[in-house]
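Each chain, letter by letter, is given below.
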Amino acid sequence: MEFIQDLLLFLKERKKWWLLPLILVILLVGILLVVAESSAVGSFVYTLF
Amino acid sequence: MKILGVSAFYHDAAAAILINGEIIAAAQEERFTRKKNDPSFPENAIKYCLQESGCRLEELDAVVFYDKPFLKFERLLETYYAFAPKGVISFIQSVPIWVKEKLFLKQNLRKLLLEIEPFDKKSLKLLFPEHHLSHAASAFYPSPFEEAAILTIDGVGEWATATICHGQGKELTVLKELHFPHSLGLLYSSFTYFLGFKVNSGEYKMMGLAPYGNVSSENYQRFVKQIKENLVEIKEDGSIRLEQSYFQYATGKRMIHEGKWGKLFGIKRRKPTEEITTIHRDLALAIQHVTEEIILLLAREAKRLTNSKNLCLAGGVALNCVANGKLEDAKIFNQIWIQPAPGDAGGALGAALAANHIYYGKEGLEKNGLDSMKGTYLGPSFEKTIHELTLRHHTEKAPVVQFDNFEELAKQTAKLLAEGQVVGWFQGRMEFGPRALGNRSILGDARSPVMQSILNQKIKNRERFRPFAPCVLLEDSAEYFEVNGPSPYMLQVKKIRAAHRKPLPANYQNLGMMEQLYVERSCFPAVTHVDYSARIQTVDGNYNSRFYKLLQEFKKITTFGVLINTSFNVKDEPIVCTPEDAYQCFMKTEMDYLVIHNCLFSKEQPTQSSIHK
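Residues numbered from 1 in each chain as written. Chains lettered and ligands numbered in written order. Predicted model: local features only at pLDDT ≥ 70, side-chain atom pairs only at ≥ 80, totals over all residues. Heavy atoms only, no water.

Under the defined criterion, the tally for this structure stands at 36 salt bridges over all chains. The residue K555(B) makes a salt bridge to D476(B) at a minimum N-O spacing of 3.0 Å. With K555(B) in helix α19 (residues 545-558) and D476(B) in helix α17 (residues 474-480), this pair connects stretches of sequence that are 79 residues apart. A single network of salt bridges, built from pairs that share partners, joins E2(A), D6(A), K106(B) and R110(B). (Salt bridge = Lys/Arg side-chain N within 4 Å of Asp/Glu carboxyl O. Helix = DSSP H or I, 4+ residues; strand = E, 2+ residues; numbered from the N terminus.)

What follows is the structure in structure tokens.
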């Protein structure tokens, strides 16, 4: 929660809302990559692509 | 008010602690982990800072990180977006690191701090000043000035690569910024890479190589012209525009397009093990001079914007001591003060100072004409742990002499130095910043024509062409060197006075690089570079009375209060931190003697088991 709050504050302060979708996609893909690297979820992630 | 500053995760991780505006302790993580330029979370440096200050984490008002991770991520995204599809692979590679570590820095910092000791997560404030604000704060607040122009120049922080600020009391105003990808630091690093040195640590080697270049050679003149016409556009205010088609650092993991540089300069990138030739020397000199030109323009712009008489400098480029010396000679400002840890390690200190003065609005210590860096002796001391080493040294059947009287030790050490011995000198608190200033130093006789070669080859194992720096009694400095005042942090290069120079042989220009270096060109050949310059440390009795005393004793014997002072380490290792590190370094090199506090270690066979004076 704190992260999302900080991120939204940052985007508001910088007036860079256009970065939000980009950051969300990167976060999702990134989290998927990090999870895939380190857990049993890896084999399921493979089928997603 | 208790504030801990932290820099980490890029290079040169460090920690620093302030109590009520006073700098209590600061240290770089590499000294504890023994990994040069260690970027990892500075767990050991933080533990040391807490111990030295007698603070616990839960007592701190704030922990301050030296840059803004979100702003850096914004730069990353916008840069890749601007250059797309170039750099897509590098972008994909960097995403997991950002998602895993850097983007969640606040949460990760708390987690890492909790591994040191428990504290209440809700009550500990975490702050993130901008990278260049941290540099500016590290330059201005500890300086002796109430008011000053501030110039910070480095590779890159978030967006800024150079800033001009104005400091007045506790106020610090950013007046002008130069933004990525246009960066003087990255331009200099690109040449460092092209000339076969390591980026982020080999810049000073290229700076040491530059004086071997020939300013009247055709190559040098061609290189300066080509750099200015093709690589960098220099504006009147010192801002620059780098022609990005020649560079790769914005989107890739390499600094430059080697092929395009090869075509431009007519030489291939030098491999690290390849011989250094005349053309490499001329190219190093050309970029050094272009860098100096840009720094002087930036300083003039800082003067124009602030009309200040004083200048404070920080950022990695402030380690370019040759440019610093020329900046002082240009007399744009009456006084210049350079943060002794101007690189990212000093950012930890700057971040803490910025929080203290700007965020909390607190005053620093009263300025009485001196800086508040305490001679930059802000690291750990180990006065109680020497006993074990002396015992171990006895078992290795070499003598240790323990002196009750420091004056006797200083006399004995000065005598050894005057006889041409190389002495490791370990005293008191470790220096903060890249220079050894007499507490973690290797010393030798600057008058000896062979000492440069002995130190480079037998002890430091480093490149033969690199010069050594002198330390000199403050009161004698103006007699030997063209100095305008004290230089306690070894951050300025100045020429040796004409009276102490010796004439060069008629065939000097035809000699090879090493032959040129070994020509005896002054009464201190070991510390005189080929252009008669020297990176000077002036020593007074205020901050390091022991080192001052040693120089005085050396002067009594030789009439010269000048010694070689080089950092206590070997090539590619950090400077020693503990007596154990110093002892290990002493035993594995051809150093003749080692002084730790009041003990003199040698390698000769003992004539008696121990001498106690």
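A few words now on the interface of chain B and chain A. Opposite the 18 residues of chain B that make contact, chain A presents 18 residues. Interface of chain B and chain A: buried area, both sides summed, is about 1,700 Å²; carbon and sulfur atoms make up 75% of it. K16(A) is the partner of E74(B) in a salt bridge, and the nearest nitrogen-oxygen pair spans 3.0 Å. There are six residue pairs in polar contact (both at pLDDT 80 or more) connecting chain B and chain A. Mapped by element, the contributors of at least two residues to the side of chain B that touches chain A are α3 (69-83), α4 (88-102) and α5 (105-116) of chain B. (Contact = heavy atoms within 4.5 Å. Buried area = accessible area lost by both parts, 1.4 Å probe. Polar contact = N/O pair within 3.5 Å; in protein donor to acceptor, adjacent residues only side chain to side chain.)

By volume, the second largest pocket amounts to about 910 Å³. Lining the second largest pocket we find 33 residues, and of these K68(B), K106(B), L126(B), L127(B) and F128(B) sit closest to its centre. Residue assignment for the lining of the second largest pocket shows that the elements contributing at least two residues are α1 (2-14) of chain A together with α3, α5, β5 (125-127) and α13 (344-359) of chain B. Element by element, the count of residues in the lining of the second largest pocket is highest for α1(A), at seven residues. In terms of residue class, the lining of the second largest pocket is made up of 20 nonpolar, two polar and 11 charged. (1 Å grid on protein atoms, 1.4 Å probe; cavity = no way out; pocket = protein on both sides within 12 Å on 5 of 7 lines; lining within 4 Å. Points joined across faces, edges and corners; volume = space filled by probe spheres on them. Nonpolar A, V, L, I, M, F, W, Y, C, P; charged D, E, K, R; others polar.)

Here we take up the nonpolar core. Residue and element names in this part refer to chain B. Counting 204 residues, the largest nonpolar core has L4, L113, F191, F265 and F601 as the members making the most contacts within it. In terms of residue count, helix α11 (residues 278-306) provides more of this core than any other element does, 13 residues in total. Apart from the residues within four sequence positions on either side, F265 is in contact with F191, F194, R222, F223, Q226, I227, L231 and L283. Judged by nonpolar contacts, the second largest core, of 23 residues, contains F403, L409, A414 and L600. (Core = buried A, V, L, I, M, F, W, Y, C linked by side-chain atoms within 4.5 Å. Buried < 20%, exposed > 50% of the residue type's maximum accessible area, 1.4 Å probe, protein only.)

So, about the domain arrangement of chain B. Residue and element names in this part refer to chain B. When the domains of chain B are assigned, the result is domain 1 (1-139 + 346-372), domain 2 (143-338) and domain 3 (386-612). Relative to domain 3, the C-alpha centre of domain 1 lies at a distance of 34 Å. Contacts between domain 1 and domain 3 engage 18 residues on the former and 16 residues on the latter. Summing the contributions of domain 1 and of domain 3, the shared interface buries around 1,300 Å²; its carbon and sulfur component is 52%. Counting the surface domain 1 buries against domain 3, the share from its top three residues, R31, R34 and K36, is 50%. (Domains from an automatic or database assignment.)

Residue and element names in this part refer to chain B. Between A84 and P85 the backbone carries a cis peptide bond, its omega angle lying at 5°. Here P85 is to be found in the loop between α3 and α4. Residue P181 follows F180 across a cis peptide bond; omega there is 10°. Assignment of secondary structure puts P181 in the loop between β8 (171-179) and α7 (184-194). Here N20, not a glycine, exhibits a phi torsion of approximately 50°, which is positive. Here N20 lies in the loop between β2 (14-19) and β3 (22-28). A positive phi angle, close to 80°, is found at N200, a residue other than glycine. Within the secondary structure layout, N200 lies in the loop between α7 and α8 (203-209). With relative accessibility at 45%, the residue N200 sits in the partly exposed group.

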